[in-house]
Amino acid sequence: MLALIHLIYQALPLLTMPRLQVKVESMDFAERMSRLGTETAFEVLARAKQLESQGRRIVHMEIGEPDFKTPDHVVSTAIKALEDGWHHYTPSAGIPALRQAIAEHISRTRRIRVAPDQVVVTPGAKPIIFFSLLALIQKNDEVIYPNPGFPIYESMIRFAGGTPVAAPLREELEFRMDVDEVIRLATPRTRMIILNSPNNPTGSVLDQHDLQKLATAFRGKDVFFFSDEIYSQLTYDCEALSIASQAGMQAQTIILDGFSKTYAMTGWRLGYGVFPSLELAGQITKLMVNSNSCTAAFTQLAGVAALTGDHTPVRQMLATFRTRRDRVVKLLNEIPGVSCRLPHGAFYVFPNVKSFSQKSADLATLLLNEAGVAVLSGTAFGRHGEGYLRLSYATSMELLEEGISKMAETLGKLEIGATLGPQA
Ligand code: PLP
């Protein structure tokens, strides 16, 4: 009885409180929210799932994540960490063992010298984009970024108050950034240049010559390079080089990397940034304190195991991706009206579909609704992606063959215009 009285007493304020008024139609959001973009891949995935729930068979080639499991030794390390009591907060910038392992990994692979204090660990690599732009970009600052490119760059440049300046990736240059154009686009207001090699969505990889030219043009200037190297371990016939490896450029370069793609750990949320100064790393850590507090402890231990353990599963995954890439490019080039270059990194192809004289977004919708194949419009990565589609080949060969054959059937019903895109 006493307990019941206590309960009523506790609930009394709730019962007598006026109902919360939620203005559903005219809710006022902060102005900055109108500057935030999104990632279409998640929207297409949702639409594809909706069609599946209605009984449709859908072949998924829209989402950018490996279809492999995380290597066993990484999983068992995380399980053991949980059993051993790694259940609590960690330092905001990451546990010392992981920061050390990352510093060693980046020092070795980029041939530079990185101290653990320059590393900040985050839940996925995406926050490194968010935090770096928040920390460095303000009103009137210009940021040059690849277009087509990962849509979060443009979104976050605008959100931070900066001005995005698109550097078009053109098929004639195998979708590599035109570094001469980047140099021409730079103004006294340019504060940052974003590089992404291997590139999402095109799979292009910057070469030594590109990086040398950029370094020569910007060395010693008040311009940061933000080098998104999340696909750095996923290259086929070349090595992914970092602008940070160019003489003197580490002092101006933020490196983003992580575990999502290389170790098939997208759902674990584990990434990191390597910063050119301890002051900047400190500012990024402050953003971590204000947002996530820290990255999950057992996930970080898994990260140490991933970096320092056996890389045979990574090599096997890469070999499978290479076989699929070759097959997918061949099959796409057999479709009348489609031409597709051989990408050198990541797990995407970016076929040219200009000859169908339709907007890429309309083609992508048609392919989802008619063929049951989920792909992304090139314009999901910026306006310079018009005329292209992005297909992820991070799915089984059987499904890729089924998907491309269904695409061929649907595209075969469309008229091909006179302007065929360049062949691979
Ligand atoms: N950078 C690029 C170019 C990406 O494609 C992605 C993910 O798709 C990320 C960063 C973010 O990676 P994460 O899933 O670790 O946040």
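Structure first, text after, so check above.
These figures come from a predicted structure and were not determined experimentally.

A word on the overall build of the protein chain
Phase 1 of the analysis: Each helix and strand counted, the protein chain has 13 helices and twelve strands in total.
Phase 2 of the analysis: Here the protein chain has a C-alpha radius of gyration of 23 Å; the compact-globule value for 424 residues is 22 Å, and the two agree.
Phase 3 of the analysis: Its C-alpha atoms give the protein chain principal-axis dimensions of roughly 85 × 55 × 45 Å.
Phase 4 of the analysis: Within the span of the protein chain, comprising 424 residues, buried residues form 52% of the whole.
Phase 5 of the analysis: In the form shown here, the protein chain has an accessible surface area of approximately 19,700 Å², with 56% of it arising from carbon and sulfur atoms.

Considering the site of the ligand
Phase 1 of the analysis: Residues in contact with the ligand amount to 13 residues; listed here are only the nearest, Asp 228, Tyr 231, Ser 260, Lys 261 and Arg 269.
Phase 2 of the analysis: Note that an oxygen atom of the ligand is positioned 2.8 Å from one of the side-chain N or O atoms of Tyr 231.
Phase 3 of the analysis: Interatomic distance of 2.6 Å between a side-chain N/O atom of Ser 260 and an oxygen atom of the ligand.
Phase 4 of the analysis: Contact with the protein chains hides 93% of the accessible area of the ligand, taken as 390 Å² for the molecule alone.
Phase 5 of the analysis: Tallied by class, the residues present in the shell around the ligand amount to five nonpolar, four polar and four charged.

What to know about helix α10 (residues 297–308)
Phase 1 of the analysis: Counted at 1.5 Å a residue, the expected span for α10 with its twelve residues is 16 Å, and the 17 Å between its end C-alpha atoms agrees.
Phase 2 of the analysis: Residues of α10 that are buried make contact with α3 (72–83), α4 (96–110) and β2 (119–122).

Remarks on the packing of helix α5 (residues 126–136) against helix α9 (residues 278–291)
Phase 1 of the analysis: Two elements in contact, α5 and α9, have axes whose closest approach is 10 Å; the angle formed by their N-to-C orientations is 115 degrees. Judged by the twist between their axes, the crossing of α5 over α9 is right-handed. Packed against α5, whose contacting residues are Phe 131, Ser 132, Leu 134, Ala 135 and Leu 136, the element α9 presents Leu 280, Ile 284, Leu 287, Met 288 and Ser 291 at the interface.
Phase 2 of the analysis: Looking at the contact of α5 with α9 residue by residue, the classes come out as eight nonpolar, two polar and no charged.

The rules behind each value
Within every chain, residues take consecutive numbers counted from 1 along the sequence as written. With pLDDT at 70 or above as the cut-off, local features in this predicted model cover only qualifying residues; side-chain atom pairs require 80 or more to be listed or tallied, and sums for whole chains, interfaces and linings still use all residues. Excluded from the side-chain calculations are hydrogens and water; all other atoms, namely the structure's heavy atoms, are used. Elements are defined by DSSP. Helices are runs of H or I of four residues or more, strands are runs of E of two residues or more, and each kind is numbered from the N terminus. Each radius of gyration is computed over the set of C-alpha atoms, and the globule rule expresses the reference value as 2.2 Å times the number of residues to the power 0.38. We call a residue buried when its accessible area falls under 20% of the maximum for its residue type, exposed when it is over 50%, and partly exposed in between, using a 1.4 Å probe and counting protein chains only. Exposure was quantified through the Shrake-Rupley algorithm and a 1.4 Å probe, taking into account, for residues, occlusion by the shown protein chains and nothing else. If a single non-hydrogen atom of a residue is within 4 Å of a molecule or strand, that residue counts as near it. Two N or O atoms count as a polar contact when they lie within 3.5 Å, although within protein this holds only if one can serve as hydrogen donor and the other as acceptor, and sequence-adjacent residues are included solely when both atoms are side-chain atoms. Amino acids are sorted into nonpolar (Ala, Val, Leu, Ile, Met, Phe, Trp, Tyr, Cys and Pro), charged (Asp, Glu, Lys and Arg) and polar (every other residue, Gly among them). By this rule the span expected of a helix is its residue count minus one, scaled by 1.5 Å. Contacts: residue pairs with any heavy atoms within 4.5 Å of one another. Note on geometry: axes are lines fitted to C-alpha atoms, helical ones only across the stretch in contact, with angles between N-to-C directions running from 0 to 180 degrees. Two helices that cross are described as forming a left-handed crossing if the nearer one is turned anticlockwise from the farther one by less than a right angle, and a right-handed crossing if clockwise.

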